[in-house]
Amino acid sequence: MSDTATHLGSGKVRELYALDDDRLLLVASDRISTFDVVHPTPIPDKGRVLTGLSAFWFARTKDIVPNHLIALHDDGRSLECRRLEMLPVEVVVRGYLTGSGWKEYQRNGAVCGVALPQGLRDGSRLEPAIFTPATKEDQGHDENITFDDMCRRVGADTSQALRHRSLAIYDEARARAWERGLVLADTKFEFGRVDGVLTLIDEILSPDSSRYWGREEYEAGRLESFDKQFARDWLDRSGWNHEPPAPALPDEVIARTRERYLEAMRRLTGAGA
Ligand code: PZK
């Protein structure tokens, strides 16, 4: 990294630096969070896997929507990107009903104002996938909003363009993931604008910005995080109450979790199509 980079902020597991007025550096650490709490023990190679996957998907989707990526740095875990004006919404595309979408559906029969058929279950595949925007909250969890709410915040034309492009990227990624033994349940995108051009930013289609399940497990009826399930299972057995501080993970759990990240990378980016 440049000696003169200015630290702009920290996410739970990432750091953001300004290189100059026009360029940022997004650095993914090896830190892992579960139940929203960061663990004291890193997962070796996790930052490199997330950054590599994000760069892979930026390259494969650039014809659907331009993105902020300038270069993947030699350390493998830093992305140099264009600094631009962020839109004040995040967008989630869901091709499977689970998590907060499943909760909302059980209450309302709809998610973010999108009505869904009756009788769906946790994990039901959605065809077509649904576009579910949310506000970005400084503290606490992002709040789901309807498409009309989104239009009031960022404009109707922008909202329609983001919906169309987000769904197109998701469809492409879901199809590839499925062929390669993964279920891309849902994923979050953030966008910015530069000279009026909508541009995809942040990291995309990584296991931290997306929910990936194993296809084999899914087809057997199990909705298990492809990457974090070993850690979650061990934590459940440990009796941890999900309050900070998070316990250190044992070496065996670290090694198996690391292997899952590497396997996700191999499946999604590896040779054979
Ligand atoms: C930007 N974040 C989130 C990420 C953090 C915070 N291309 C861009 N232009 C301007 N701003 C951002 C981006 C991007 N990407 C992203 N905050 C601002 C974030 C990682 C660590 F602390």
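What counts and what doesn't
- Residues numbered from 1 in each chain as written.
- Predicted model: local features only at pLDDT ≥ 70, side-chain atom pairs only at ≥ 80, totals over all residues.
- Heavy atoms only, no water.
- Helix = DSSP H or I, 4+ residues; strand = E, 2+ residues; numbered from the N terminus.
- Rg over C-alpha atoms; globule rule 2.2 N^0.38 Å.
- Buried < 20%, exposed > 50% of the residue type's maximum accessible area, 1.4 Å probe, protein only.
- Contact = heavy atoms within 4.5 Å.
- Areas by Shrake-Rupley, 256 points an atom, 1.4 Å probe, with all protein chains shown as cover.
- Lys, Arg positive; Asp, Glu negative; His and termini not counted.
- Charge placed at Lys NZ, Arg CZ, Asp CG, Glu CD.
- Near = heavy atom within 4 Å.
- Polar contact = N/O pair within 3.5 Å; in protein donor to acceptor, adjacent residues only side chain to side chain.
- Nonpolar A, V, L, I, M, F, W, Y, C, P; charged D, E, K, R; others polar.
- Pairing = 2+ DSSP bridges.
- Patch = residues over 30% accessible without salt bridge, like charges linked within 9 Å, V, L, I, M, F, W, Y side chains within 5 Å.
- Salt bridge = Lys/Arg side-chain N within 4 Å of Asp/Glu carboxyl O.
- Axes fitted to C-alpha atoms, helices over the stretch in contact; angles between N-to-C directions.
- Parallel < 35°, antiparallel > 145°, perpendicular 65-115°, else oblique.
- Left-handed = near helix turned anticlockwise from the far one by under 90°.

J.: What exactly am I supposed to notice about the overall build of the protein here?
T.: Within the protein one finds seven helices and 14 strands. Relative to the compact-globule value of 19 Å for 273 residues, the protein shows a C-alpha radius of gyration of 18 Å, a close match. Projected onto its principal axes, the C-alpha positions of the protein cover 55 × 50 × 40 Å. A buried classification covers 49% of the 273 residues belonging to the protein. Partitioning the intrachain contacts of the protein with sequence separation of at least 6 by distance along the chain shows that 63% fall at a separation of at least 24. For the protein, the exposed area adds up to about 13,400 Å²; of that, 46% sits on carbon and sulfur atoms. Within the protein, one finds 37 positive and 45 negative side-chain charges whose respective centroids are separated by 3 Å.

J.: Is there a simple way to think about the site of the ligand in this case?
T.: In the vicinity of the ligand, 15 residues are found, and the nearest of them are Ser-10, Gly-11, His-68, Arg-82 and Leu-84. Residue Arg-82 places a main-chain N or O atom 2.8 Å away from a nitrogen atom belonging to the ligand. Residue Leu-84 places a main-chain N or O atom 3.0 Å away from a nitrogen atom belonging to the ligand. The fraction of the free accessible surface of the ligand (480 Å²) that becomes covered by protein chains is 84%. At the level of secondary structure, the elements contributing two or more residues to the shell around the ligand comprise strand E1 (6–10), strand E2 (14–18) and strand E3 (23–28). At three residues, the largest contribution of residues to the shell around the ligand is made by E2. Of the residues in the shell around the ligand, the class split is six nonpolar, four polar and five charged.

J.: How should the pairing of strand E7 (residues 78–82) be read in this particular structure?
T.: A large share of E7 lies buried, amounting to four of its five residues. Taken together, the five bridges between E3 and E7 define a ladder with antiparallel strand orientation. By the bridge assignment, Val-27 is partnered in E7 with Ser-78.

J.: Please clarify how a negative patch on the surface should be interpreted in this entry.
T.: Residues Glu-137, Asp-138, Asp-142 and Glu-143 make up a contiguous surface patch of negative charge. Within the secondary structure layout, Asp-142 lies in the loop between strand E11 (125–135) and helix H3 (147–154). Asp-142 sits in the partly exposed class, given a relative accessible area of 33%.

J.: Where do I start with the packing of helix H1 (residues 46–61) against helix H7 (residues 251–269) in this structure?
T.: Two measures define how a pair of helices packs: the angle their axes make with one another and the distance between the axes. Orientation of H1 relative to H7, taken along the N-to-C sense of each, is 20°, at an axis distance of 9 Å. As the angle between them shows, H1 and H7 are arranged roughly parallel. When the axes of H1 and H7 are compared, the crossing they make is left-handed. Of the residues in H7, those in contact with Lys-46, Arg-48, Val-49, Leu-50, Gly-52, Leu-53, Phe-56 and Trp-57 of H1 are Tyr-261, Leu-262, Met-265, Leu-268 and Thr-269. Partitioned by chemical class, the residues of the contact of H1 with H7 number nine nonpolar, two polar and two charged.

J.: Hey, could you run me through the side chain of Ser-225 in this one?
T.: By the secondary structure assignment, Ser-225 is in the loop between helix H5 (215–219) and helix H6 (229–238). Looking at Ser-225, the relative accessible area reads 10%, which means it is buried. Not counting the four nearest positions on each side in its chain, Ser-225 is found in contact with Tyr-212, Trp-213 and Arg-232.

J.: Sorry if this is basic, but what is going on with the sheet that holds strand E6 (residues 69–72) here?
T.: By way of backbone hydrogen bonds, the strands of a sheet pair with one another, either parallel or antiparallel. In space, the five strands of this open sheet follow the order E1-E2-E3-E7-E6, with antiparallel pairing throughout. Among the strands making up the open sheet, the edge pair consists of E1 and E6. Recorded for the sheet is a direction-independent mean angle of 25° between the axes of neighbouring strands. Here five bridges tie E2 to E3, and the two strands are oriented antiparallel to one another. Residue pairing in the sheet places Leu-16 in a bridge with Leu-26 of E3. Strand contacts of H1: E3, E6 and E7, with the helix running at about 40° to E7, the strand carrying the most contacts.

J.: Would you take a moment to explain unusual backbone geometry for this structure?
T.: Glu-127 connects to Pro-128 through a cis peptide bond whose omega is 0°. With respect to the helices and strands, the residue Pro-128 is situated in strand E11. Geometrically, the link from Pro-244 to Pro-245 is a cis peptide bond, its omega value of 0° lying close to zero. One can find Pro-245 in the loop between H6 and H7. At Phe-35, a position not held by glycine, the phi torsion is positive, near 50°. Checked against the element boundaries, Phe-35 lands in the loop between strand E4 (33–34) and strand E5 (37–38).

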